[in-house]
Amino acid sequence: MTTFLKQPLKLALVQLASGADKAVNLSNARSKVLEAAKAGARLIVLPECFNSPYGTNFFPKYAETLHPSPPTKEQSPSFHALSAIAVEANAYLVGGSIPELEPSTKKYYNTSLVFSPSGALIGTHRKTHLFDIDIPGKIQFKESDVLSPGNQLTVIDLPDYGKIGLAICYDIRFPEAAMIAARKGAFLLVYPGAFNTTTGPLHWSLLGRARAVDNQSYVALCSPARDLDASYNAYGHSLVADPSANILSEAEEKETIVYADLTNDAVANIRSSIPIYTQRRFDLYPDVSAGQE
Ligand SMILES: NC(=O)CC(=O)C(=O)O
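Residues numbered from 1 in each chain as written. Predicted model: local features only at pLDDT ≥ 70, side-chain atom pairs only at ≥ 80, totals over all residues.

1. With respect to the nonpolar core
Okay, so step 1: In terms of nonpolar packing, the biggest core is built from 85 residues, with Val14, Ile44, Leu93 and Ala220 touching the most fellow members.
Okay, so step 2: Excluding residues within four positions of it along the chain, Val14 makes contact with Ala29, Lys32, Val33, Ala36, Ile44, Val45, Leu46, Cys222 and Ile257. (Core = buried A, V, L, I, M, F, W, Y, C linked by C-beta atoms within 7 Å. Buried ≥ 20, exposed ≤ 12 C-beta atoms within 10 Å, placed from the backbone. Contact = placed C-beta atoms within 7 Å.)

What follows is the structure, given as structure tokens:
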């Protein structure tokens, strides 16, 4: 049997209730991550913009500087808090995302930092597809008013477990990135995300299950808890789908922690029963951009 996941892994998604106070958000994130670790989780995920409200007007105010790396505590309190929390929890920690300011270009990004149980930074992802939508009468949002897109797809090796693909929220709507991560061996695709009360009911679970069935990989979607007093109402419903696209666990909208036990068998069995990895016809679609008019 092929090994994608070296040993069973308890995954936890912290559906955090964040507010305007960054220090309070970091402190709440610490308590929830430690609670998840105490329950046995060894990979713990925080939501998109876990240390700030979500909105283009907030990004510059909350942005931290990550380069040169490692930043000082003044440049990035969140970097240092996440590193210390990973050590305290003795777990891999996907630090949701934070607004980032790149000082050399003065550009802002929506950036995820991943730490090992020793507190070392082992991966970074800058959101590659910006959330620019306009659904008349429902929601208008334009991240690109303030943010720039990252230009790299991200696969991170967790030495004790195997590879994970990492992307942020709107990135999930683009199946190509997920497929590349899965074909590089990722057993899990992780998306810190903040869908809303319009697009959440429509597409959140569907997209999570779609990326799982496309790639026969686990998929984890980690949202902030819903705050109806905030300017942006996150959908919540953090969830884990298995490689057969069953939902293993799903939250409602309140602050909570979602757990799931991941095994290699679940990945290997579906990939051998329905062997799409060896049946794919790259001779018919070597370059999907070629069809664009
Ligand atoms: N917030 C996002 O980046 C994405 C989202 O809400 C959606 O795709 O819908």
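So much for the structure itself; the text now carries on.
2. Brief notes about the UniProt feature "domain: CN hydrolase" (unreviewed entry) in the chain
Okay, so step 1: Taking the numbering used here, the UniProt-annotated feature "domain: CN hydrolase" (unreviewed entry) corresponds to residues 9-264.
Okay, so step 2: With 24% helix and 30% strand, residues 9-264 has end C-alpha atoms that lie 9 Å from one another. (UniProt positions renumbered as here; feature names shortened; annotations may be inferred. Helix = DSSP H or I, 4+ residues; strand = E, 2+ residues; numbered from the N terminus.)

3. Description of the site of the ligand
Okay, so step 1: Around the ligand sit Phe131, Cys169, Tyr170, Arg173, Ala194, Phe195, Asn196 and Thr199, and those are all the residues in its vicinity.
Okay, so step 2: The class makeup of the residues in the shell around the ligand is five nonpolar, two polar and one charged. (Near = placed C-beta within 6 Å. Nonpolar A, V, L, I, M, F, W, Y, C, P; charged D, E, K, R; others polar.)

4. A closer look at helix H3 (residues 77-89)
Okay, so step 1: Relative to the 18 Å expected for 13 residues at 1.5 Å per residue, H3 spans 18 Å between its end C-alpha atoms, a close match to the ideal helical length.
Okay, so step 2: When H3 is considered as a whole, its buried residues turn out to be Ser78, Phe79, Ala81, Leu82, Ser83, Ile85, Ala86 and Ala89.
Okay, so step 3: Residues of H3 that are buried make contact with helix H1 (22-38), strand E2 (43-45), strand E3 (92-94), strand E4 (98-102) and strand E5 (107-115). (Expected span 1.5 Å × (residues − 1).)

5. Remarks on the packing of helix H4 (residues 175-183) against helix H5 (residues 199-215)
Okay, so step 1: Two numbers describe how H4 lies on H5: the axes approach to 10 Å, and their chain directions differ by 45°. In terms of their interaxial angle, H4 and H5 are classed as oblique. Relative to H5, the crossing made by H4 is right-handed. Contacts from Pro175, Ala178, Met179 and Ala182 of H4 reach H5 at Arg211, Asp214 and Asn215.
Okay, so step 2: Residues of the contact of H4 with H5, tallied by class, amount to four nonpolar, one polar and two charged. (Axes fitted to C-alpha atoms, helices over the stretch in contact; angles between N-to-C directions. Parallel < 35°, antiparallel > 145°, perpendicular 65-115°, else oblique. Left-handed = near helix turned anticlockwise from the far one by under 90°.)

6. As for the pairing of strand E11 (residues 186-192)
Okay, so step 1: The buried count for E11 comes to seven of seven residues, which makes it a mostly enclosed element.
Okay, so step 2: Between strand E10 (residues 162-166) and its parallel partner E11, the chain crosses via H4, and the hand of that crossover is right-handed.
Okay, so step 3: Once you follow E11 into H5 and on to strand E12 (residues 218-222), the crossover reads as right-handed. (Right-handed = clockwise from strand over helix to strand, strands pointing away.)

7. Some words on the packing of H1 against H3
Okay, so step 1: Following both chains from N to C, one finds H1 and H3 inclined at 20°, their axes separated by 10 Å at the closest point. Here H1 is positioned roughly parallel relative to H3, judged by the angle of their axes. In terms of crossing hand, the pair formed by H1 and H3 is right-handed. Here H1 contributes Leu26, Ala29, Arg30, Val33, Leu34 and Ala37 to the contact with H3, which in turn contributes Pro77, Ser78, Ala81, Ile85, Glu88 and Ala89.
Okay, so step 2: Residues that form the contact of H1 with H3 fall into these classes: nine nonpolar, one polar and two charged.

8. Considerations on the environment of Asp261
Okay, so step 1: Its location among the elements puts Asp261 in strand E15 (residues 256-262).
Okay, so step 2: You can call Asp261 partly exposed: it has 15 C-beta atoms within 10 Å.
Okay, so step 3: C-alpha separation for the pair Asp261 and Ala12, spaced 249 residues apart in sequence, amounts to 9.0 Å.

9. Topic: unusual backbone geometry
Okay, so step 1: Here His67 and Pro68 are connected by a cis peptide whose omega angle stands at -5°.
Okay, so step 2: If you trace the backbone, Pro68 turns up in the loop between helix H2 (59-62) and H3.
Okay, so step 3: Pro70 follows Ser69 through a cis peptide bond whose omega is 0°.
Okay, so step 4: Secondary-structure assignment places Pro70 in the loop between H2 and H3.
Okay, so step 5: Of note in this structure, Lys106 is not a glycine but carries a positive phi near 60°.
Okay, so step 6: Even without a glycine there, the phi angle at Gln216 is positive, about 50°.
Okay, so step 7: Assignment of secondary structure puts Gln216 in the loop between H5 and E12.
Okay, so step 8: Residue classification places Gln216 among the buried positions, given that 25 C-beta atoms sit within 10 Å.

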